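An overview of the molecular structure
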Amino acid sequence: MNLNDIRSPVQKGEKAKILFAACSLIAGILLGIFSKWLDNIALDNSIWWHRIIERLDLGNFFSEMAVWLLIALAIAVFSSSALMAALNVFAFFTGMCAAYHLYSILFAGFNPLSYMVIWYAIALVSPVLAALCWYAKGKGIIPILLDTGIMTVFVLSCLSLGFLYVDLRGILYLLVFIGAAAIIYRNPKQTAISLSAGFLMAFLLNPIWPFK
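Residues numbered from 1 in each chain as written. Predicted model: local features only at pLDDT ≥ 70, side-chain atom pairs only at ≥ 80, totals over all residues. Heavy atoms only, no water.

1. Quick word on the side chain of Ser 194
- Its location among the elements puts Ser 194 in helix H9 (residues 188–205).
- For Ser 194, a relative accessible area of 2% gives the class buried.
- Side-chain polar atoms of Ser 194 contact the backbone oxygen of Thr 191, separated by 3.2 Å. (Helix = DSSP H or I, 4+ residues; strand = E, 2+ residues; numbered from the N terminus. Buried < 20%, exposed > 50% of the residue type's maximum accessible area, 1.4 Å probe, protein only. Polar contact = N/O pair within 3.5 Å; in protein donor to acceptor, adjacent residues only side chain to side chain.)

2. Topic: the pattern of salt bridges
- The final tally for this structure, using the stated rule, is four salt bridges.
- Between Glu 64 and Arg 169 there is a salt bridge, with its nearest N and O atoms 2.4 Å apart. Taken together, the positions of Glu 64 in the loop between helix H3 (58–61) and helix H4 (65–77) and Arg 169 in the loop between strand S2 (165–168) and helix H8 (171–183) put the pair 105 residues apart, joining distant regions of the chain.
- The class of Glu 64 is partly exposed, set by a relative accessible area of 24%.
- Salt-bridge contacts for Asp 147 lead to Arg 186; the nearest nitrogen and oxygen are separated by 2.7 Å. Of this pair, Asp 147 sits in helix H7 (residues 141–158) while Arg 186 sits in the loop between H8 and H9, and the two are 39 residues apart along the sequence.
- Since its relative accessible area comes to 0%, Asp 147 is described here as buried. (Salt bridge = Lys/Arg side-chain N within 4 Å of Asp/Glu carboxyl O.)

Laid out in structure tokens, this is it:
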């Protein structure tokens, strides 16, 4: 099978590709710093924007997988090709991990190496997953299977599942879930299939899902 039959690369100039990759790297660096800053900030309820951070629980939100997966999905899907998706997402995670790790060492005074090993491992496998996500926006049965896998991950990351029940973890997680569905949307039929199959797979995988 020719992979171009699933989705064909978008023709873009080298400057546009380099700019996209650079923006992905810079976004990762800035968000890595922001995430660690949220970990360290001492919240004061007398300050209005501190109350917003506390109410939205932004510190915990940025310490979990959901928001990072959404950003990586968007970068991958809107890249010009599967190869560029792999490079752009790797740049994003590399920037995020390096910035978070260095901020911890230089400004927080400790080295969270055991925690960062997990994120570095995610960065290493991210190019393969990003390429798959890029093809999820294509046509045919393979993209539907990929869409199902993507929605399974977002159901597990954004919702709390139990025996025949689903609970919302918070408004930010709902927005992430809706965002993921919107990014891979092609038509109502595809969305219905990927969502229904994704929920089914999520219930089956929930007992062994490690990122809770």
